[in-house]
Amino acid sequence: MSSESPLSVKSASSDAGGQLSNVPVATDDQPAAVPDTLPILPIRNLVLFPGTVLPLNVHREASRKLFEESLPQSKVIGIFTQKNPELDHPGPDDLPRVGVAASVLKLIRQADGSIVAIVNVLERITIRRVLLVAPFIRAEVDVLHALPPPADDKTWQATVQQLRQSALRLIELTPDVPEQARAVVQNLEDPGHLADLIASSLNLDTAQKQDLLEELDVVKRVRAVLLRVSAQLEIAQLQQKIQQDIASQLNEAQRRAYLREQVKAIQKELGEGDEGTEQQVADLRKRLEDARPPQEVMEQAERELRRLSHLNPASPEFSVIVSYVETLAELPWNKLTEDHLDLDHAQQILDRDHYDLEKVKRRLIEYLAVRKLNPTGHGPILCFLGPPGVGKTSLGQSIADALGRKFVRLSLGGVRDEAEIRGHRRTYVGSMPGRLIQELRRAGTRNPVMMLDEIDKLGADFRGDPASALLEVLDPRQNHAFVDHYLDVPFDLSQVIFIATANLIDPVPPALRDRMEIIEIPGYIDRDKLEIALRYLLPRQLKENGLSADQCRFEAAALAKIIHDYTHEAGVRELERQIGAVCRAVAALVARGQATSVTVVPEMIPALLGPPKYIRETRLKTSKPGVVTGLAWTPTGGEILYIEALRYPGKGNILLTGQIGDVMKESAQAALSLVKSRREELGIGPDAFKDVDLHIHVPAGAVPKDGPSAGVAMFTAIASLFSDRPVRSDVAMTGEITLRALVLPIGGLKEKALAAHRAGISTVIIPKLNEKDLPDVPGEVRKQLTFVLAETVDDVLAAALEPDRDHQPGHEKHAESRE
């Protein structure tokens, strides 16, 4: 059984071994007259049939002379297929009885000296007498005419129709047959010409084709061709069935390899093969295999690589696919950092990098202990909440150092596009993965410590809500299959330790807040700042400014003065800047040779830093009715707050000033109503509120203020004003009031207590329900302050107002003064 296509013309030699350039096609042109004498061209391995046009490669010297000498006289030549293809100089006896006459349509001279002759085959001929042998054969010829078929024989018509249908079916089963072949077979009416056309295209040897050429009886020729077409049709059908059976038995890997090699061969034949592209695809596949991604990811990458192998490198999509596959290959699908879970070592690192924060450190050690006992468990997502500059980000770095993991910081401040988290889809120009995937790619490990910095400053607009995109990232039960829009395949984030930071918790959406464990990091008190300055800030600034410890020394009192007069913050960033400014001034003196060693004392600070930037509020020196010291919480720490009340003739109105918010205004209204309802208990006359306006002012009017915790102070100020009893100047207070005279709890007790201690207050009135928060107040401060626990406003007045016997007439007119 032949493996060649039944209707493809196999490679055949002409007179000098040139290959046939194309498949013969029929022609309907009017044939030229055949002269009686013709030059004879012997050819090898090829039989020509009338009605076809095809090119012949001519190499032999005798054949070239034939064309050079004969064509000027006549374009018609005789062509015979020599019996023995091995002969280079065939004679008349080496030629068969029947050949063809052909008209030379075109002659093309090649660079190597050969000739390509395009011929149109006209008629069958036979040699009657040889006239010349050298340099080429010339002979007298006779045209052979075919015996005509019967005119109206139905059997004959059925035979012709069967030949036509069999040929069309064979064309369907034969690959790479020109489309015009079907049209020619369908439209050619002459049976003899149809038989000749099909015979010229059949996969037969030279002797069989010569037999068909020599058959002059059209009926016999048609039947002979039909017999051979039927045989080859049966072979083609068997080949198709065998190919289908074999294809069904090939496994997927063999099929891919087979098809890939076929594609390469086709591209090579077409001149489209790119060895550089093949090498690039092979390199990418090798990198993917080394990364060992999950099977789902590998299948996606293989699909992209197959597309890449068919693309032109100049195509825009080529670089997009290369970037995508490179990203997949560079991701740490199976790269993990081994954890170092030595709790004592972790404690040492935390103590080395951070002062105090014992509560926070204890929680972090507990977190690491759970990781040690259950390495595969899903721990909570921690969120460090606190004012700027208290060490939230550096705590995350310390955790990474303690675990031996890599540290990745992802700043979320100002991020408004969801694609920053989830990535851009690859349909967009310039698309890229989200920040999470990019940072993991740079880290080179699947389990780093990832700091989500400033999570409270996420935005949202028409491009999406990044906070909502983080819901999946921060859910331990979902993030094992996080899908980035760019990758479009799942990536496991369950081994990443996420730690978020925030200055305020209110801007964080409730759903996102619910996924995190909040660890509050309070601001530092002055004593803490002094220790931090001595241990961390001063050595760092000396090193950055090129000074040694001998060249620049700071007295503790000098640092305390900087803290008190030149900083106003909960953290230590401004303190470090001021210390750096002093160090630079000392460095200038040392660099100029004006000093070799400088000891910074408090008296030098104003000359180096200028006049004090902040004046701290201090306790009132004298008492006065209507003036109360309140306590307030700010992001930078606690502050004392004065509440001033004044009455004057009017119509019973109340005026509130000092840029106070709505909640604080409502507290003032509630305080006035409560004082009026308890007039008799407070010893206030029945006409005290008639024809009188009340003005309540909170100094520092440029600073916005709000919140309910000033309710107790406002109530006390109004009660003091109308009962004409001064408020003790050494007392500060905080708490929310109700119309039932109850004192409700407040927040920020530690910061408020520190503010009272700093201002020289000796007694602080707080709600009874805040007794549980007293352990958070530093022990040193608790020893120096007296805390009065108030359940009702009566407890507040009892501790805050001076007794009547101590209040002398005119005392309320004393001018207020400050220490």
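Residues numbered from 1 in each chain as written. Predicted model: local features only at pLDDT ≥ 70, side-chain atom pairs only at ≥ 80, totals over all residues. Heavy atoms only, no water.

### Looking at the pattern of salt bridges
Threshold: When a carboxyl oxygen of Asp or Glu lies within 4 Å of a side-chain nitrogen of Lys or Arg, that pair is called a salt bridge. Here a strand is any run of E in DSSP of at least two residues, a helix any run of H or I of at least four, and the numbering for each starts at the N terminus.
As enumerated under the stated definition, the model contains 42 salt bridges in all. Between Lys 286 and Asp 290 there is a salt bridge, with the nearest N and O atoms lying 3.0 Å from each other. With a gap of 4 residues between them, Lys 286 and Asp 290 both fall in helix α8 (residues 275-291), about one helical turn apart. Among the charged side chains, a network of salt bridges with common partners joins Arg 128, Arg 129, Glu 140 and Asp 142.

### Focus on the packing of aromatic side chains
The way to describe two aromatic rings as a pair is by their centre distance and the angle between their planes. Our working definition: Stacked, edge-to-face and tilted are the three classes for Phe, Tyr and Trp ring pairs, Trp counted by its six-membered ring, which pair at centre distances within 6.5 Å; planes under 30 degrees apart are stacked, over 60 edge-to-face, the rest tilted. Per-residue accessibility, obtained with a 1.4 Å probe over protein chains only, is compared with the maximum for each type, and a residue is labelled buried under 20%, exposed over 50%, and partly exposed between these values.
Overall, the coordinates contain 3 aromatic pairs when judged by the stated rule. For the pair Trp 333 and Phe 491, a centre-to-centre distance of 5.0 Å together with 55° between the ring planes defines the contact as tilted. With a gap of 158 residues between them, Trp 333 in the loop between α10 (316-330) and α11 (343-353) and Phe 491 in strand β12 (residues 490-491) connect regions that are remote in the sequence. Classification of Trp 333 by relative accessible area gives buried; the value is 6%.

### Concerning the sheet that holds strand β8 (residues 381-385)
The criterion, for reference: Strands pair, by our definition, only if DSSP identifies at least two bridges between them. Every axis corresponds to a line fitted to the C-alpha atoms, with the helix fit spanning only the stretch in contact, and the corresponding angles, defined between N-to-C directions, vary from 0 to 180 degrees.
Overall, parallel pairing links the 5 strands, which are arranged β9-β10-β13-β8-β14 in an open sheet. The open sheet has two edge strands, β9 (407-411) and β14 (516-520), and neither has a second partner. Across the sheet, the mean angle from the axis of one strand to that of its neighbour is 25°, orientation sign disregarded. Here 4 bridges tie β8 to strand β13 (residues 497-502), and the two strands are oriented parallel to one another. In the strand pairing of β13, Leu 385 is matched with Ala 502.

### Looking at the nonpolar core
This is how it is decided: Buried residues of nine kinds, namely Ala, Val, Leu, Ile, Met, Phe, Trp, Tyr and Cys, make up a nonpolar core once their side-chain atoms join them within 4.5 Å. The contact definition used throughout considers only heavy atoms, calling two residues in contact when any of these lie within 4.5 Å.
Counting 53 residues, the largest nonpolar core has Ile 455 and Phe 498 as the members making the most contacts within it. The leading source of residues in this core is α10, at 7 residues. The residues contacting Phe 498, other than those within four sequence positions of it, are Ile 381, Leu 382, Leu 436, Met 450, Leu 452, Val 473, Leu 474, Asn 479 and Leu 493. Among the nonpolar cores identified, the runner-up in size contains 52 residues, and Ile 349, Ile 532, Ile 562 and Val 582 belong to it.

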